[in-house]
Amino acid sequence: MLASSRLPEHWPLLCGLALTRIIGWGSTYYAPSVLVAYLDRDLGMSGEIVFGGITILLVTGAVVAPMVGRHLDRRGTRRAMCVGAIICALGLALLAAAQGPISYLATWFVIGIGHSLTLANVGNVTVAQLMGERTRRVIGVMMLVTGLASSVFWPLSAALCAAYGWRVALLIFAAIQIVIVLPIHLAIPVTTPHEPAAGPTAAAPPADEGRVPAQERRPIFWLLAFAFSASGLVSWGLPLHLIGLLENSGLTSATAVTIASLGGLATLVARLVDVLAGERFAVERVALVGLVLGPLSCLYMALASGAALSAIVFVAAFNAAMGVIAVARATLPLSLFGRRGFATMLGRLTVPQNLTFAAAPLLFAVMIERFGSSATLMISAVIQTGALVAMLILVRRVSSP
C-alpha cells in the first residue's frame, strides 16, 4: 500500500502517454533516417527532399500551434489527441503510397497537423492539466522515456523495411496509431481535475497564475522565446552534422560514429539528474546551467586537438546541456506563467521555436560547407551565448521584487 501511494495519480495513463510519445516521435520524426536509403533507391529522392519532410512538419506545427493552444485551454486535450492519432495514421498511410517528391512532401503537411495535435506540446499540456504541482517531475520522466524513441524505432524501422519493404513498414506504423495510440488517448479524462475555480470571488491558486506579474509577461515571454529559439537553433542543427564534424577534426569514421553515439546516453543522464534533483532549484536556474555548458563545450571543441578524448568530452558536455535545456523548455513556461492559459502560451512559443528548428539543419549544412567545422563551432558558441544572456536577463527580472 505504501509503495502504491508513491505512484502519481493517473500513473497507468501516464505510462500509456509515454508509450504514445515513443511511437509518435519514432514513426514520424525519426523514420526518415531509415527511409532515406529506400526512397532514394525506389523513387530517386535525395536526402535533402526526404529530410525536407521534417522541415514541413515543423513549419506546419508553427502555423497551427497558436490555434491548437487556445483550443486545448478551452476544451482540454482528449479530443485533439484522438483526432491527431487518426490524422497521423492517415498521413503515414498516404506516405506509404507516395510516388515521388510532390506526393511525398505534400503528405508531410498532413503528418504535421497530426503531430501538432498529439505530440509537440500537447502531451505536456495533458500532464499539466492532470498532475498539478507534480507536473515538472512527471514531464521530466516523460521526456526521459521519449529519449528512447530513436533507440526503439531506428532498429524497428530497419527490420520492417528489410523484411517487408518501406511501404508496408509505414502501413504498420499507421495501424499502430489506430490500435495502440488512439485507445490510450481515449482514456484521457474529458474534464481535467485542475480547471480554474468558478465564481467571481474564487481565488486562483498561485500555480494557476504563475510567478510573473501581468505587466512583466510580455518582456518575459520574448526573452524566453529568444533564449529557447537560439539554443534550439544549435541543438536541432549541430547534432545532425556531428559525425562529420568529428571526422573533420581528424577522427576515423568508425571512431566518430562510436563517440557520437555517446550523446544519447549523456542526454538521458542529464534528464535523469534533473528529474531526481531538479525540483530543489528554480527551473530558470537549471536552464542557466545548460546554457553555460553549451557554448563552453562548442568553444572547447573548436580550440581542442582532434584527439578522441577531446571529442568525448565535447559530445558528453554538449548533449548533457541540450538535455537540461530540453526539459526546461517544457517546464519553464508553466513555472513562469502558470497552468491557466498554459496551452495558449506554449502555442505562442512554438511559432518562433519551430521556425528556428526547421531552418537549423540547412543552416548548419551551409555553415559547415562555407566556413568549416571550427568556425561553425565558434558561431554555435556565439549563438548559445546570446541565449544565455537572454536567460540571465529573464532570471534577474523574475527575481526582482
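As shown above, the structure is provided for reference.
Owing to the predicted nature of the structure, the values given are computational and were not obtained by experimental measurement. (Residues numbered from 1 in each chain as written. Predicted model: local features only at pLDDT ≥ 70, side-chain atom pairs only at ≥ 80, totals over all residues. Heavy atoms only, no water.)

Focus on the overall build of the chain
Right, on to step 1. If you tally the helices and strands in the chain, you get 19 helices and zero strands.
Right, on to step 2. Counting over 401 residues, the chain shows a buried share of 52%.
Right, on to step 3. Nonlocal contacts in the chain, meaning residues at least 24 apart in sequence, comprise 85% of its contacts between residues at least 6 apart.
Right, on to step 4. For the chain, the exposed surface amounts to about 17,600 Å²; the carbon and sulfur share of it is 69%. (Helix = DSSP H or I, 4+ residues; strand = E, 2+ residues; numbered from the N terminus. Buried < 20%, exposed > 50% of the residue type's maximum accessible area, 1.4 Å probe, protein only. Contact = heavy atoms within 4.5 Å. Areas by Shrake-Rupley, 256 points an atom, 1.4 Å probe, with all protein chains shown as cover.)

A closer look at the packing of helix α5 (residues 78–96) against helix α10 (residues 166–186)
Working note: a packed helix pair is described by the angle between its axes plus the distance between those axes.
Right, on to step 1. For the pair α5 and α10, the least separation of the axes is 8 Å and the interaxial angle reads 170°. Relative to α10, the element α5 is oriented roughly antiparallel. Seen from α5, the contacting residues are R78, M81, C82, A85, I86, C88, A89, L92, A93, L95 and A96; seen from α10, they are W166, R167, L170, L171, F173, A174, Q177, I178, V181, L182, H185 and L186.
Right, on to step 2. Of the residues assigned to the contact of α5 with α10, the class counts are 19 nonpolar, two polar and two charged. (Axes fitted to C-alpha atoms, helices over the stretch in contact; angles between N-to-C directions. Parallel < 35°, antiparallel > 145°, perpendicular 65-115°, else oblique. Nonpolar A, V, L, I, M, F, W, Y, C, P; charged D, E, K, R; others polar.)

Points about helix α18 (residues 342–371)
Right, on to step 1. For α18, with 30 residues, the first-to-last C-alpha span of 41 Å sits near the 44 Å given by 1.5 Å per residue.
Right, on to step 2. Of all the bends in α18, the greatest, near 40°, is centred on A360, and the proline P361 appears no more than four residues after it.
Right, on to step 3. Taken from the residues just after α18, G372 is the one with a positive phi, measuring 90°. (Expected span 1.5 Å × (residues − 1). Bend = angle between axes of the 7 residues up to and from the residue.)

Structural notes on the packing of helix α17 (residues 308–337) against helix α19 (residues 373–399)
Right, on to step 1. Where α17 meets α19, the closest approach of the two axes is 14 Å, and the angle between their N-to-C directions is 35°. Here α17 runs over α19; the crossing is left-handed. Only L377, Q384, M391, L394 and V398 of α19 make contact with α17, whose side of the interface consists of F314, F318, M322, L332 and L336.
Right, on to step 2. For the contact of α17 with α19, the residue count by class is nine nonpolar, one polar and no charged. (Left-handed = near helix turned anticlockwise from the far one by under 90°.)

A few points about the pattern of salt bridges
Right, on to step 1. Under the criterion given, the structure shown has two salt bridges.
Right, on to step 2. Here D42 and R41 are joined by a salt bridge, their closest N and O atoms 2.8 Å apart.
Right, on to step 3. Relative accessible area serves as the criterion here: at 40%, D42 is assigned to the partly exposed category.
Right, on to step 4. With relative accessibility at 58%, the residue R41 sits in the exposed group.
Right, on to step 5. A salt bridge links R397 to E216; the shortest N-O distance between them is 2.9 Å. Remark: E216 occurs in the loop between α11 (206–209) and α12 (217–237) and R397 occurs in helix α19; sequence separation between them is 181 residues. (Salt bridge = Lys/Arg side-chain N within 4 Å of Asp/Glu carboxyl O.)

A short note on a positive patch on the surface
Right, on to step 1. On the surface, a cluster of positive charge is contributed by R70, R74, R75 and R79.
Right, on to step 2. It is helix α4 (residues 47–75) that contributes the most residues to the positive patch, three residues altogether.
Right, on to step 3. Within the secondary structure layout, R75 lies in helix α4. (Patch = residues over 30% accessible without salt bridge, like charges linked within 9 Å, V, L, I, M, F, W, Y side chains within 5 Å. Lys, Arg positive; Asp, Glu negative; His and termini not counted. Charge placed at Lys NZ, Arg CZ, Asp CG, Glu CD.)

What to know about the environment of L233
Right, on to step 1. Checked against the element boundaries, L233 lands in helix α12.
Right, on to step 2. Residues L233 and L355, 122 residues apart in the sequence, show an inter-C-alpha distance of 9.4 Å.
Right, on to step 3. Excluding residues within four positions of it along the chain, L233 makes contact with T356, F357, A360, L363, F364 and I383.

Digging into α4
Right, on to step 1. For α4, built from 29 residues, the straight-helix expectation of 42 Å at 1.5 Å per residue is met to within 8% by its first-to-last C-alpha distance of 40 Å.
Right, on to step 2. Of all the bends found along α4, the most pronounced is centred on V64 and spans about 50°, while P66, a proline, follows it within four residues.

A few points about the side chain of T20
Right, on to step 1. You can see T20 is positioned in helix α2 (residues 11–27).
Right, on to step 2. Side-chain polar atoms of T20 contact the backbone oxygen of L17, separated by 2.7 Å.
Right, on to step 3. Apart from residues no more than four positions distant in its own chain, T20 is found in contact with L119, V181, I184 and H185. (Polar contact = N/O pair within 3.5 Å; in protein donor to acceptor, adjacent residues only side chain to side chain.)

Points about a nonpolar patch on the surface
Right, on to step 1. Nonpolar side chains collect at one region of the surface, where L19, I86, I178, V179 and I180 lie side by side and expose about 410 Å² of accessible area between them.
Right, on to step 2. The greatest single-element share of the nonpolar patch, amounting to three residues, is contributed by α10.
Right, on to step 3. Structurally, the position occupied by V179 is in helix α10.
Right, on to step 4. On the basis of relative accessibility, which here comes to 61%, the residue V179 falls in the exposed class.

Re the nonpolar core
It is characteristic of soluble globular proteins that their nonpolar side chains tend to be buried jointly.
Right, on to step 1. Counting 95 residues, the largest nonpolar core has L224, L238, L246, F314, L336 and M391 as the members making the most contacts within it.
Right, on to step 2. Residues contacting L238, with those up to four places away along its chain left out, are L245, C298, F314, F318, F364, L377 and S380.
Right, on to step 3. In terms of nonpolar packing, the next biggest core, distinct from the first, is built from 30 residues, V122, A326, L334 and L346 among them. (Core = buried A, V, L, I, M, F, W, Y, C linked by side-chain atoms within 4.5 Å.)

Remarks on the side chain of T376
Right, on to step 1. By the element assignment, T376 lies in helix α19.
Right, on to step 2. When neighbours within four sequence positions are excluded, T376 is seen to be in contact with F364, M367 and I368.

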